[in-house]
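Summary of the model geometry
Residue-level listing of the chains:
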Amino acid sequence: MSKSIQTVGIIGSGTMGNGIAQACATNGIQVVMVDINQSAVDKGLATVAGSLDRLIKKEKITAADKDAALALIKGSTNYDELKGAQLVIETATENEALKIKILQQLDGLLGDDVIVATNTSSISITKLAAATKRSDRFIGMHFFNPVPMMALVEIIRGLQTSDATHDAVKALAERLGKSPITVKNAPGFVVNRILVPMINEAFFVLAEGLATPEDIDAGMKLGTNQPIGPLALADMIGLDVCLAVMNVYMAEFNDSKYRPAPLLKEMVAAGWLGRKAGRGVYSY
């Protein structure tokens, strides 16, 4: 097991990938960010630069800090560039077959002591670990969006994950200024397991006409100190995503408490998916 992690490889330069790259680079860790084509890589690097510019405007960092961080991030379309990393984090889209393909590709490429983490929010860590040749050095590292701002990282142990792997990844999360929590593998892990059924319940409340959307959201914001109400949050996440998560819980736990709210299903069927569609619970 590597004593300390100096270089982190990241697969995927989208929202999560470039956010993790920024968090690593601003804390002095070398990053290799790999994606399938150069335009995706360039877009990821540009996003980091823009994010750092906003921090300069807010006087959180200096221009020199920005230059130092960007100098630590190498963008590439070549997987071979990942060979120097002690940890590789996979942030590809939530597609099990795609993730397994990437993980098996990494097996042939990386040294035996390299840790591989996945940023999945829904796929079984145990199942992904079983598809690799390094199941004891495989772990879930679920960052929250926007990564540079959000302090939480869920560190998810598969059945096979070793203590040494867990401890190395936890230490890295702390070096990034994050506050990690350790979670066993189960659908939705901890945060989404509690959050999405709460959102679903808000749709039951709305359908029953107990209060207006505005009052439901105001009640939860003011009464439970949440920065955004559950219905507005559903619009932000995407109603289709919320429904898909509830369907996974229903299938995996086979417990009626996870049944999706009929109103949620109806709105998804109408194409009212939230902000991205211009209309969800609210109009945008």
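Model, not experiment: these values are computed from the prediction. (Residues numbered from 1 in each chain as written. Predicted model: local features only at pLDDT ≥ 70, side-chain atom pairs only at ≥ 80, totals over all residues. Heavy atoms only, no water.)

Turning to the overall build of the chain, a few remarks are in order. Each helix and strand in the chain was counted, giving 11 helices and 8 strands. Relative to its length of 284 residues, the chain is compact, with a C-alpha radius of gyration of 20 Å against a globular reference of 19 Å. Each of the three principal axes of the chain carries a C-alpha extent, and together these read 55 × 45 × 35 Å. The 284 residues of the chain split such that 47% are buried. Here the analysis covers contacts within the chain between residues at least 6 apart in sequence; of these, 66% occur between residues at least 24 apart. As displayed, the chain offers around 13,500 Å² of accessible surface, 54% of which is attributable to carbon and sulfur atoms. Between the averaged position of the 28 positive side-chain charges in the chain and that of its 29 negative side-chain charges there is a distance of 2 Å. (Helix = DSSP H or I, 4+ residues; strand = E, 2+ residues; numbered from the N terminus. Rg over C-alpha atoms; globule rule 2.2 N^0.38 Å. Buried < 20%, exposed > 50% of the residue type's maximum accessible area, 1.4 Å probe, protein only. Contact = heavy atoms within 4.5 Å. Areas by Shrake-Rupley, 256 points an atom, 1.4 Å probe, with all protein chains shown as cover. Lys, Arg positive; Asp, Glu negative; His and termini not counted. Charge placed at Lys NZ, Arg CZ, Asp CG, Glu CD.)

For side chains bearing opposite charge, pairing can occur when the charged atoms are close. The final tally for this structure, using the stated rule, is 9 salt bridges. For the salt bridge of Asp240 with Lys276, the shortest nitrogen-to-oxygen distance reads 2.9 Å. Separated by 36 residues along the polypeptide, Asp240 in helix H10 (residues 239–253) and Lys276 in the segment after helix H11 (262–269) bring together distant segments of the chain. A network of salt bridges, in which partner residues are shared, links Glu90, Glu94 and Lys99. (Salt bridge = Lys/Arg side-chain N within 4 Å of Asp/Glu carboxyl O.)

Right, let's get into the domain arrangement of the chain. If you check the domain split of the chain, you get domain 1 (7–184) and domain 2 (192–276). For domain 1 versus domain 2, the separation of C-alpha centres amounts to 29 Å. (Domains from an automatic or database assignment.)

Before going further, it helps to examine the packing of helix H7 (residues 191–207) against helix H8 (residues 213–224). Following both chains from N to C, one finds H7 and H8 inclined at 140°, their axes separated by 10 Å at the closest point. When the axis of H7 is compared with that of H8, the two are oblique. Once H7 is placed against H8, the crossing between them reads as right-handed. Across the interface between the two elements, Met198, Ala202, Val205 and Leu206 of H7 pack against Pro213, Ile216 and Met220 of H8. Tallied by class, the residues present in the contact of H7 with H8 amount to 7 nonpolar, no polar and no charged. (Axes fitted to C-alpha atoms, helices over the stretch in contact; angles between N-to-C directions. Parallel < 35°, antiparallel > 145°, perpendicular 65-115°, else oblique. Left-handed = near helix turned anticlockwise from the far one by under 90°. Nonpolar A, V, L, I, M, F, W, Y, C, P; charged D, E, K, R; others polar.)

Ordered by their spatial adjacency, 8 strands build an open sheet running S3-S2-S1-S4-S5-S6-S7-S8, and the pairing between neighbours is mixed. At either end of the open sheet lies a strand with only one pairing partner, and these are strand S3 (73–76) and strand S8 (179–184). Strand-to-strand, the axes of this sheet are offset by a mean angle of 25°, without reference to chain direction. Strands in contact with helix H1 (residues 15–25) are strand S1 (7–11), strand S2 (30–34), S3, strand S4 (87–90) and strand S6 (138–143); relative to S2, the strand with the most contacts, it is inclined by about 165°. (Pairing = 2+ DSSP bridges.)

In the numbering used here, UniProt assigns the "binding site: NAD(+)" (unreviewed entry) feature to Gly12, Ser13, Gly14, Thr15, Met16, Gly17, Asp35, Glu94, Lys99, Ser121, Asn145 and Lys276. For the residues just named, distributed over 265 residues, the greatest C-alpha separation reaches 25.3 Å, placing them at more than one site. Relative to the elements of secondary structure, Gly14 occurs in the loop between S1 and H1. Judged by its relative accessible area of 37%, Gly14 falls in the partly exposed class. When sequence neighbours within four positions are dropped, the list of residues in contact with Gly14 reads Gly19 and Asp35. Apart from residues no more than four positions distant in its own chain, Lys276 is found in contact with Gly238, Asp240 and Val241. Polar side-chain contacts of Lys276 include one of 2.9 Å to the side chain of Asp240. (UniProt positions renumbered as here; feature names shortened; annotations may be inferred. Polar contact = N/O pair within 3.5 Å; in protein donor to acceptor, adjacent residues only side chain to side chain.)

Now for the packing of helix H2 (residues 38–57) against helix H3 (residues 63–71). Running from amino to carboxyl end, H2 crosses H3 at an angle of 160°, the nearest separation of the two axes being 9 Å. Comparing the axis directions of H2 and H3 gives the class roughly antiparallel. Considering only the axes of H2 and H3, their crossing is right-handed. Two secondary-structure elements touch here, H2 through Val48, Ala49, Leu52, Asp53 and Ile56 and H3 through Ala63, Lys66, Ala69 and Leu70. Its residues assigned to classes, the contact of H2 with H3 comprises 7 nonpolar, no polar and 2 charged.

Moving on to the side chain of Asp217. In this structure, Asp217 sits in helix H8. Of the side chains with opposite charge, Lys221 lies nearest to the buried Asp217, which makes no salt bridge, at 7.4 Å. Once residues lying within four places of it in the same chain are set aside, the contact partners of Asp217 are Gly229, Pro230, Leu231, Ala232 and Tyr282.

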